[in-house]
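Spelled out, the chains give:
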Amino acid sequence: DTGVSQDPRHKITKRGQNVTFRCDPISEHNRLYWYRQTLGQGPEFLTYFQNEAQLEKSRLLSDRFSAERPKGSFSTLEIQRTEQGDSAMYLCASSASGQGAGPQHFGDGTRLSIL
Amino acid sequence: RKEVEQDPGPFNVPEGATVAFNCTYSNSASQSFFWYRQDCRKEPKLLMSVYSSGNEDGRFTAQLNRASQYISLLIRDSKLSDSATYLCVVNAGANFNKFYFGSGTKLNVKP
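Being a predicted model, the structure only gives us computed values, none of them experimental.

> Explain the packing of aromatic side chains here, please?
Remark: the centre distance and the inter-plane angle together describe each pair of aromatic rings, the angle taken between the planes. Summed over the entire model, instances satisfying the criterion amount to 15 aromatic pairs over all chains. A ring pair is formed by Y33 of chain A and F99 of chain B, whose centres lie 5.4 Å apart and whose planes are at 90°; its orientation type is edge-to-face. Of this pair, Y33 of chain A sits in strand β4 (residues 31–37) while F99 of chain B sits in strand β10 (residues 98–101), each in a different chain. There is no split in this pair, since Y33 of chain A and F99 of chain B are both buried. Between the aromatic rings of F106 of chain A and Y36 of chain B, the centroid separation amounts to 5.8 Å while the plane-to-plane angle is 90°, which identifies the pairing as edge-to-face. Taken together, the positions of F106 of chain A in strand β10 (residues 105–106) and Y36 of chain B in strand β4 (residues 33–38) put the pair across two chains. With respect to class, F106 of chain A is no different from Y36 of chain B; both count as buried. Pairwise contacts between aromatic rings join Y33, Y35, F45, Y48 and F106 of chain A together with F34, Y36, F99 and F101 of chain B into one cluster.

> Explain the sheet that holds strand β3 (residues 19–24) of chain A to me, please; I cannot follow it from the model alone.
The strands making up a sheet associate through backbone hydrogen bonding, with each pair oriented either parallel or antiparallel. All names here are of chain A. Strand order in the open sheet formed by 4 strands is β1-β3-β8-β7, and the pairing between neighbours is antiparallel. The open sheet has two edge strands with one neighbour each: β1 (5–7) and β7 (65–68). Strand-to-strand, the axes of this sheet are offset by a mean angle of 15°, without reference to chain direction. As paired strands, β1 and β3 are joined by 3 bridges and run antiparallel to one another. Considered in β3, the bridge of D7 is made with R22.

Basis of the calculations
Residues numbered from 1 in each chain as written. Chains lettered and ligands numbered in written order. Predicted model: local features only at pLDDT ≥ 70, side-chain atom pairs only at ≥ 80, totals over all residues. Heavy atoms only, no water. Phe/Tyr/Trp six-rings, centres within 6.5 Å; stacked < 30°, edge-to-face > 60°. Helix = DSSP H or I, 4+ residues; strand = E, 2+ residues; numbered from the N terminus. Buried < 20%, exposed > 50% of the residue type's maximum accessible area, 1.4 Å probe, protein only. Pairing = 2+ DSSP bridges. Axes fitted to C-alpha atoms, helices over the stretch in contact; angles between N-to-C directions.

This is how it looks when you write it as structure tokens:
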């Protein structure tokens, strides 16, 4: 399978714990995006990487959230001191380089539940 | 004002019907536009890009109206399998690297 893969698929944790999610984009895609989606809403943009550089961050990304893409391949999203409001589906997407913003391909997502 | 707004629906239509969705966006400088489809508890999947001149892919037609800042999706001859939530997506931000999704329009196609 050469699509976008995310790990884990589900994460249940207690409030206050730290969690880390991983995303492996399509191998030839240099653009990588993280989104958060709650029930009944569309995905909300969190952050964007071009290769290893984090070029955009949403104001939604509080200081408890950090994302990295150290070698321009896989990316991690960490949430520290989780809160109940962090419960959501976290989606990763990637797209190819080129002029303009190309269509994104999404992974299956990581569903986070905070107890 | 939200960056992208859609009628949440649901649109309940019989098989074979033609249905149209609109989506408005707030940033007049947005450059890229897409329609995605999302099935329940699944990831969004690209349905089609939207080009300035309008474009068609089988039973699906997308149009862009820059003057009025909306995009539309027309589905002809609806199938049961078209039942899903349809999300419109627009890029924005200082370098247009941010993508804004609408909340989605739910379509139910009934036999």
